[in-house]
Amino acid sequence: FNNEDTMNAFFITIGHELTHKEKDFLCFSLNPKDYKFMFRVGEVHADYGAAEKMVHSSRRKLLESVRYKKALKKIDKEDFMHPTWNKREYYIEHFDFDEKLIRQIAADVGCSNSKLIQKVCNYYKRIVLK
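Now for a description of the structure that goes with this document. Since we're looking at a predicted model, the values are computed, not measured.

Some points on the pattern of salt bridges
Taken as a whole and assessed by the stated rule, the structure comprises 16 salt bridges. Between Glu-43 and Arg-88 there is a salt bridge whose closest N-O contact spans 3.6 Å. Residue Glu-43 is located in helix α2 (residues 32-54), and its partner Arg-88 is located in helix α4 (residues 85-94); the two are separated by 45 residues in the primary sequence. Both residues of the pair, Glu-43 and Arg-88, count as buried. Of the charged contacts in the structure, one is a salt bridge between Lys-70 and Glu-89, with a shortest N-O distance of 2.5 Å. Here Lys-70 is found in helix α3 (residues 59-72), whereas its partner Glu-89 is found in helix α4, with 19 residues between them in sequence. The class of Lys-70 is partly exposed, set by a relative accessible area of 23%.

Let's talk about the side chain of Asp-34
With respect to the helices and strands, Asp-34 occurs in helix α2. Here Asp-34 sits buried without a salt bridge, and the closest side chain of opposite charge, Lys-33, lies 9.0 Å off (N-O distance). Of note is the side chain of Asp-34, whose polar atom sits 2.7 Å from the side chain of Ser-29. Here the side chain of Asp-34 touches Asn-113 through a polar contact of 3.0 Å, side chain to side chain. Discounting residues that sit within four places of it in the chain, Asp-34 has contacts with Ser-29, Cys-111, Asn-113 and Leu-116.

Let's talk about helix α6 (residues 114-123)
Looking only at α6, the buried set comprises Leu-116, Ile-117, Val-120 and Cys-121. End-on view of α6: buried residues confined to an arc of 140 degrees, all on one side of the axis. Residues of α6 that are exposed and point over 90 degrees away from its buried face: Ser-114, Lys-115 and Asn-122. On its buried face, α6 is in contact with α2 and α5 (99-109).

Some thoughts on α4
Residues Trp-85, Arg-88, Glu-89, Tyr-91 and Ile-92 constitute the buried set of α4. End-on, the buried residues of α4 take up no more than an arc of 160 degrees, which puts them together on one face. In this structure, the buried residues of α4 make contact with α1 (4-20), α2, α3 and α5.

Concerning the packing of α1 against α3
For the pair α1 and α3, interaxial distance at closest approach is 9 Å and the crossing angle is 100 degrees. The angle between the axes of α1 and α3 places the two elements in the roughly perpendicular class. Here Glu-4, Asp-5, Thr-6, Asn-8, Ala-9, Ile-12 and Thr-13 of α1 lie close against α3, whose contacting residues are Lys-61, Leu-62, Glu-64, Ser-65, Tyr-68 and Lys-69. For the contact of α1 with α3, the per-class residue count stands at 4 nonpolar, 4 polar and 5 charged.

Section: the packing of aromatic side chains
One pass over the structure, following the stated rule, counts 10 aromatic pairs. Measuring from ring centre to ring centre gives 4.9 Å for Tyr-123 and Tyr-124, while their planes differ by 90 degrees; the resulting arrangement is edge-to-face. Of the aromatic side chains, those joined through ring pairs into one cluster are Phe-25, Tyr-48, Phe-97, Tyr-123 and Tyr-124. If you follow Arg-88 out to its NZ or CZ, it ends over the ring of Trp-85, 4.6 Å from the centre.

Each value, and the rule that gives it
- Starting afresh in each chain, residues are numbered from 1 along the sequence in its written order.
- Under the rules for a predicted model, residues below a pLDDT of 70 receive no local features and side-chain atom pairs below 80 are neither given nor counted, while totals for whole chains, interfaces and linings still include all residues.
- Hydrogens and water are ignored here; the side-chain numbers use all heavy atoms of the structure.
- Note on definitions: salt bridges are taken to be side-chain nitrogens of Lys or Arg within 4 Å of carboxyl oxygens of Asp or Glu.
- Numbering goes from the N terminus for both helices and strands, where a helix is a DSSP run of H or I of at least four residues and a strand is a run of E of at least two.
- The classification of residues rests on relative accessible area computed with a 1.4 Å probe and restricted to protein chains. Under 20% of the type maximum is buried, over 50% is exposed, and intermediate values are partly exposed.
- For this count, His and the chain ends are skipped, Lys and Arg are scored as positive, and Asp and Glu as negative.
- A 3.5 Å cut-off defines polar contacts: any pair of N or O atoms within that distance qualifies, except that in protein one atom must be a possible hydrogen donor and the other a possible acceptor, and neighbouring residues in sequence count only when both atoms are side-chain atoms.
- We call two residues in contact whenever any of their non-hydrogen atoms come within 4.5 Å of each other.
- Directions are taken from the helix axis to each C-beta atom, and the arc is the one they span.
- Angles here are taken between N-to-C directions and fall from 0 to 180 degrees, while the axes themselves are lines fitted to C-alpha atoms, restricted in helices to the stretch in contact.
- With respect to orientation, any angle under 35 degrees is reported as roughly parallel, any angle over 145 as roughly antiparallel, any angle of 65 to 115 as roughly perpendicular, and every other angle as oblique.
- Amino acids outside the nonpolar list (Ala, Val, Leu, Ile, Met, Phe, Trp, Tyr, Cys, Pro) and the charged list (Asp, Glu, Lys, Arg) are all regarded as polar, and Gly is one of them.
- Each Phe, Tyr or Trp ring, with Trp reduced to its six-membered ring, pairs with another whose centre is within 6.5 Å; inter-plane angles below 30 degrees give stacked pairs, above 60 give edge-to-face pairs, and intermediate values give tilted ones.
- Both a distance and an angle decide whether a charge sits over a ring: NZ of Lys or CZ of Arg must be within 6 Å of the ring centre and within 35 degrees of the ring normal.

From the geometry alone we can't say anything about function, so treat these as descriptive.
Next comes the structure, spelled out in C-alpha cells:
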C-alpha cells in the first residue's frame with residue numbers, strides 16, 4: 001500500500017537492517033540460552049536503532065511500525081532469534097534501550113549468565129526514545 005503507515009514500516013525496516021550492520025554482540029558459549037539472549041538483544045537493539053536513525057527516536061513511530069507488521073502476520077510467533085511482535089511492542093512501550101531492558105530480555109529467555117549479561121550491557125550504548 002502506498003500510504004504513510006507502509007512508508008513508516010519500510011523506513012523502520014531499513015533502519016533495523018542498517019543497525020545490524022553495526023555489529024551485534026556475539027561471543028562463544030556452550031549454552032543455547034546465552035545465544036538466544038545475545039540474538040534477542042541484537043534484534044531489539046536493531047528496532048531501537050531503526051527509530052534512532054530513521055524517525056528521530058520516535059517511540060510512537062516505532063510502535064506504529066511494529067503494530068503494522070504485527071497486523072500482517074497470521075500468527076505472532078517467536079523463533080530462536082526473534083521475539084514475538086507482542087513482546088517487541090511491550091519492550092518499546094515500557095523501556096528505552098538500556099541495561100534495564102537488556103536484563104529484562106535475559107530474564108525473558110532464561111539467561112542467568114551474569115558475566116555475559118554485564119558484557120552485553122557494557123557493549124551497547126543507551127538509546128532513548130521520545
